[in-house]
Protein chains: 2
Amino acid sequence: MRWNKISDAVVRRLPIYLRVLDDLAKSGDTPLISSQELGEKAGVGSALVRKDLAWFGEFGKQGVGYEVEYLRSELRQILNLDREHNVILVGAGSLGVALARYAVRRCQEDESFSLKLIGLFDQDPDKVGRAYAGVPVYAMAEMEGFIRKHNVRMAIITVPADAAQEIALRLVESGVRAILNFAPAKLILPGHVQVANADLTLELQRLAYYLPPGQTEPQG
Amino acid sequence: MRWNKISDAVVRRLPIYLRVLDDLAKSGDTPLISSQELGEKAGVGSALVRKDLAWFGEFGKQGVGYEVEYLRSELRQILNLDREHNVILVGAGSLGVALARYAVRRCQEDESFSLKLIGLFDQDPDKVGRAYAGVPVYAMAEMEGFIRKHNVRMAIITVPADAAQEIALRLVESGVRAILNFAPAKLILPGHVQVANADLTLELQRLAYYLPPGQTEPQG
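These lines cover the structure that appears in this document, whether it is placed above or below. A quick note: this is a predicted structure, and the numbers were derived from the prediction, not measured.

**Structural notes on the packing of helix α1 (residues 8–27) of chain A against helix α4 (residues 68–78) of chain A**
All names here are of chain A. Taken N-terminus to C-terminus, the directions of α1 and α4 make an angle of 140°; their axes are 9 Å apart at the nearest point. Considering the angle they form, α1 stands oblique to α4. As for how α1 packs across α4, the hand of that crossing is left-handed. Of α4, the residues touching α1 (which contributes Leu14, Tyr17, Leu18, Leu21, Asp22, Leu24 and Ala25) are Val68, Glu69, Leu71, Arg72, Leu75, Arg76 and Ile78. Residues belonging to the contact of α1 with α4 are distributed by class as follows: 10 nonpolar, no polar and four charged.

**Here we look at the interface of chain B and chain A**
Of the residues lining the interface, 71 residues belong to chain B; the matching set on chain A comes to 71 residues. Roughly 7,100 Å² is buried in total at the junction of chain B and chain A, and carbon and sulfur atoms are behind 62% of that figure. Applying the counting criterion to the chain B and chain A interface returns six salt bridges. Put simply, B:Arg12 and A:Glu203 hold a salt bridge, and the shortest N to O gap is 3.7 Å. Taken together, chain B and chain A are joined by 21 residue pairs in polar contact (both at pLDDT 80 or more). Secondary structure elements with two or more residues in the side of chain B that touches chain A: α1 (8–27), α2 (35–42), α5 (94–109), β8 (154–157), β9 (178–181), β10 (194–197) and α8 (200–209) of chain B. Per element, the largest residue contribution to the side of chain B that touches chain A is 10 residues, and it comes from α8(B).

**Comments concerning the relation of the copies chain B and chain A**
With an RMSD of 0.0 Å, the operation that places chain B on chain A is a rotation of 180° combined with a shift of 0.0 Å along the axis. The superposition of one copy onto the other is thereby described by a two-fold rotation axis. In terms of C-alpha distance to the rotation axis, chain B has B:Ala98 as its closest residue, with the C-alpha 3.2 Å off the axis.

**Digging into the sheet that holds strand β3 (residues 65–67) of chain B**
Hydrogen bonds between backbone groups are what pair the strands of a sheet, and the pairing can be parallel or antiparallel. All names here are of chain B. Spatially, three strands are ordered β1-β3-β2 in an open sheet, and the strand pairing comes out antiparallel. Single-partner strands in this sheet number two, and they are β1 (32–33) and β2 (60–61). Pairing geometry for β1 and β3, over two bridges, is antiparallel. Note on β3: the bridge partner recorded for Leu32 is Glu67.

**What about the environment of A:Phe113?**
Mapped onto the secondary structure, A:Phe113 falls in the loop between α5 (94–109) and β5 (115–122). When the C-alpha positions of A:Phe113 and A:Leu207 are compared, they lie 29 Å apart, and in sequence the two are 94 residues distant. Those residues in contact with A:Phe113 that sit more than four places away from it in its chain are A:Ala103, A:Arg106, A:Cys107, B:Thr201, B:Leu204 and B:Gln205.

Quick notes on the rules
- Residues numbered from 1 in each chain as written.
- Chains lettered and ligands numbered in written order.
- Predicted model: local features only at pLDDT ≥ 70, side-chain atom pairs only at ≥ 80, totals over all residues.
- Heavy atoms only, no water.
- Axes fitted to C-alpha atoms, helices over the stretch in contact; angles between N-to-C directions.
- Helix = DSSP H or I, 4+ residues; strand = E, 2+ residues; numbered from the N terminus.
- Parallel < 35°, antiparallel > 145°, perpendicular 65-115°, else oblique.
- Left-handed = near helix turned anticlockwise from the far one by under 90°.
- Contact = heavy atoms within 4.5 Å.
- Nonpolar A, V, L, I, M, F, W, Y, C, P; charged D, E, K, R; others polar.
- Buried area = accessible area lost by both parts, 1.4 Å probe.
- Salt bridge = Lys/Arg side-chain N within 4 Å of Asp/Glu carboxyl O.
- Polar contact = N/O pair within 3.5 Å; in protein donor to acceptor, adjacent residues only side chain to side chain.
- Least-squares fit on C-alpha atoms with pLDDT ≥ 70 in both.
- Pairing = 2+ DSSP bridges.

Here it is as structure tokens:
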């Protein structure tokens, strides 16, 4: 982590800016972008765009804007996406396998998605030795050795809720520093580990709050 | 929406509190919980627990705490989870099908997950007429009529990025008010529609920021 004091709210917006720039670079006909336009496409105000980027350096010129290719390359460097990272996924159930396919496809299609899924882990002996989206399934007992051998620092957890905490601790003890957690369980981990919770149950329950009451009775 | 001024940050924590109470109710031996204990299990401070809940009423007694079953039932009512909601999912690819399985399982196992997935929609004619996890796949042309007929107010989008915005508009025009969006695309929708973005690409790219630089070179 090179910029210790940057708030996570800022970090969260950087991949959104990067996506806008990636799209522009694909179309190829816009060498420059104003903070106004970048903000509009990213869904934030132009002042916030300028403030966010100013944390990391002077990327734009007043009255001219940002060079798309330059800012894109800088953002990829800031986000550590300028080189490949090995990633593993634990829990090769239907959600795990679907996410594996998703991640492999993104890695092939998206230059700024330099996260390489190199192994799936599952406790089911029938799955071990198989491969999904070209990624082999290994036994749980092999996990720690695999993480160390392949310098894995990022992992995706798609195991049942009651297994998640133990798996997470094993990952962290072997060197994992960032976890995307799909298990509907709160992970308690050391402060140097970054966790993103993709807890779909909580998201859906939250959305229900915003439904109009009394209009959604089930039909008989 | 019965409490218009409650911030989404508060609403986001309610399902976490509810989960703690659900777990306690399952174990059955704790009729009361203090804000301290509820906070610890939910991963927030006890003062915040009290403040969050106070938005909705007086649920606890000073020095005594909250009655687990009572608070649980109140939270389910606040979150609109005290009755069933019909939900559809658009895009029955591998991620969509995995999420369908997940949602159906949650609905069976979790009393507080009263979201009933009743239809999948896909443009692939080979999929239409099939069923996954017991949920039938319908043609895209049937979507609007289905939403109106079954009073669907919530939808999950798992279509490719370039189709997401158009699909979302069709959903909203037919009456959908809450969308869980897995497509890596920003949806632009009217203010009365609540969107939760489960954008796994952005989450993973954000996590990469926190990786130690220089220690994760790919192996030869």
